[in-house]
Amino acid sequence: MDRFRMLFQNLQSSSESVMNGICLLLAAVTVKMYSSFDFNCPCLARYNALYGLGLLLTPSLALFLCGLLVNRQSVVMVEEWRRPAGHRKKDLGIIRYMCSSVLQRALAAPMVWILLALLDGKCFVCAFSNSVDPEKFLDFANMTPSQVQLFLAKVPCKEDEMVKDSPARKAVSRYLRCLSQAIGWSITLLLIVVAFLARCLRPCFDQTVFLQRRYWSNYVDLEQKLFDETCCEHARDFAHRCVLHFFASMQSELRALGLHRGGIPESQELPEPPEDLDGGSGKAHLRAISSREQVDHLLSTWYSSKPPLDLAASPKLWRPGLNHRASIAAPGTKLCHQVDV
């Protein structure tokens, strides 16, 4: 389970190459899903359109949500949009850039599904068989309107006895398939032209704004990842120190039990915890946060007031922030015997 969690975290990396690989994987899965899907139109006038359009759009929506789910930047974008301004102003240009990047990757798999369905034509024939104008086909001249509607509803079911080996059914089906494929190829051509123009015309304009937004969007993502990793590191170190201090605080009780029960002589001293329990290791900035109140205040401050993007100004703004509620222990100072975690 831990390996799966680590793999999933790696897949959520902000690296563009990884995210592009995930998009290609979702597209390949989409092709496999469609090729293995058993299409069965109900061939009922009231349900054909519902089934055909539902099969065309519902999997597309599910794939779109999956694309948003596996993309870490979708969550980072929403957090950046909703966070309080604090000491750092929000740049809507960065949020728009992140939104564009997320949507482009999330729409890849749904568009593959829709294009496959349109080029195949089965969904389109099922959904719009009842919408065909009977006057375009001479075979319906001798049928009543009710018979025409019933016949059109049976067009997707070529094995049905009513339309089996019927030239009219083949004509309607061929007409709808041609229309569906024309729409599918038109969308494909449009997407290719738009991508080509975006790729070719972008170098013709000033790249300053684009580079700035790409840089800061990557920064926001990496900053949140580093903060989460630092919190995990501090939590592990904090738990380690709490456990060691708990064992150290039990020395007096063990001595008392030794006097009354004869288990430990009074003259025998238990070893003291090492003096450098809380110091050293180059983690003074983590070990200084040494109580639950300070940790809660730190997390609240991080959410409500992100540090300014100016390293020279940050210490002036942040130094009093952690002192007004609880004192910060020095790196070499031991914690109290009972720590509220």
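What you see is a predicted model, and the numbers here were worked out from it, not measured in a lab.

1. Notes on the overall build of the protein
Check the secondary structure of the protein and you find 14 helices and 0 strands. For the protein, the succession of helices and strands along the chain, N to C, is α-α-α-α-α-α-α-α-α-α-α-α-α-α. Expressed as a percentage of the 341 residues in the protein, the buried residues total 33%. Taking the contacts inside the protein whose residues are at least 6 apart along the sequence as the reference set, 73% of them involve residues at least 24 apart. In the structure as shown, the protein presents an accessible area of about 21900 Å², 63% of it carried by carbon and sulfur atoms.

2. So, the environment of L176
Along the chain, L176 turns up in helix α9 (residues 167-201). Judged by relative accessible area, L176 falls into the buried class, the value being 3%. Along the chain, L176 and V132 lie 44 residues apart, while their C-alpha atoms are 8.4 Å from each other. Among all residues touching L176, those that are not within four sequence positions of it are F124, V125, F128, S129 and V132.

3. Things to note about the environment of C242
Mapped onto the elements, C242 comes out in helix α10 (residues 208-249). Judged by its relative accessible area of 15%, C242 is buried. For the pair C242 and S290, spaced 48 residues apart in sequence, the C-alpha separation works out to 9.6 Å.

4. Things to note about the state of the cysteines
Should the sulfur atoms of two cysteines be covalently bonded, the bond is a disulfide. All told, the structure shown has 2 disulfides when counted by the stated rule. Note on cysteine connectivity: C43 is disulfide-linked to C157, with sulfurs 1.5 Å apart. Taking the sign of the S-S torsion, about 95° here, the bridge from C43 to C157 comes out right-handed. Taken as a pair, C43 in the loop between α2 (16-36) and α3 (48-70) and C157 in the loop between α8 (145-153) and α9 lie far apart in primary sequence, 114 residues in all. The connectivity of the disulfides in the protein is 1-3, 2-4, where the numbers refer to bonded cysteines in sequence order. The thiol of C123 is not disulfide-bonded; the next cysteine sulfur, from C126, is found 7.5 Å away. For C123, a relative accessible area of 4% translates into the label buried. Between C200, a free cysteine, and C204, which holds the nearest cysteine sulfur, the sulfur-to-sulfur gap is 8.3 Å. Take C200: its relative accessible area is 35%, and that puts it in the partly exposed class.

5. As for the UniProt feature "transmembrane region" (unreviewed entry) in the protein
The feature "transmembrane region" (unreviewed entry), as annotated in UniProt, sits at residues 21-37, 49-70 and 178-198 in this numbering. Spanning residues 178-198, this segment combines 100% helix with 0% strand, and its end C-alpha atoms are found 30 Å apart.

6. Remarks on a nonpolar patch on the surface
A cluster of nonpolar side chains, namely L189, V193, F196, L197, L201 and F205, defines an oily patch on the protein surface of about 600 Å² accessible area. Secondary-structure assignment places L197 in helix α9.

7. Describing helix α6 (residues 108-120)
The end-to-end C-alpha distance of α6 is 18 Å, a good match for the 18 Å that 13 residues give at a rise of 1.5 Å each. Residues A109, P110, W113, I114, L115, A117 and L118 constitute the buried set of α6.

8. Thoughts on the side chain of S74
Turning to its location among the elements, S74 is positioned in helix α4 (residues 72-82). In this structure the side chain of S74 is engaged in a polar contact, spanning 2.8 Å, whose partner is the backbone oxygen of L68. Of note is the side chain of S74, whose polar atom sits 2.6 Å from the backbone oxygen of N71. S74 has contacts with L68 and V102, leaving out every residue within four places of it along the chain.

9. Points about the packing of helix α5 (residues 92-106) against α6
Two measures define how a pair of helices packs: the angle their axes make with one another and the distance between the axes. Direction vectors running N to C along α5 and α6 enclose 35°, while the axes themselves pass 4 Å from each other. In this structure, α5 contributes Q104, R105 and A106 to the contact, and α6 contributes A108, A109 and P110. When its residues are assigned to classes, the contact of α5 with α6 shows 4 nonpolar, 1 polar and 1 charged.

Parameters at a glance
Residues numbered from 1 in each chain as written. Predicted model: local features only at pLDDT ≥ 70, side-chain atom pairs only at ≥ 80, totals over all residues. Heavy atoms only, no water. Helix = DSSP H or I, 4+ residues; strand = E, 2+ residues; numbered from the N terminus. Buried < 20%, exposed > 50% of the residue type's maximum accessible area, 1.4 Å probe, protein only. Contact = heavy atoms within 4.5 Å. Areas by Shrake-Rupley, 256 points an atom, 1.4 Å probe, with all protein chains shown as cover. Disulfide = S-S within 2.5 Å. UniProt positions renumbered as here; feature names shortened; annotations may be inferred. Patch = residues over 30% accessible without salt bridge, like charges linked within 9 Å, V, L, I, M, F, W, Y side chains within 5 Å. Salt bridge = Lys/Arg side-chain N within 4 Å of Asp/Glu carboxyl O. Expected span 1.5 Å × (residues − 1). Polar contact = N/O pair within 3.5 Å; in protein donor to acceptor, adjacent residues only side chain to side chain. Axes fitted to C-alpha atoms, helices over the stretch in contact; angles between N-to-C directions. Nonpolar A, V, L, I, M, F, W, Y, C, P; charged D, E, K, R; others polar.

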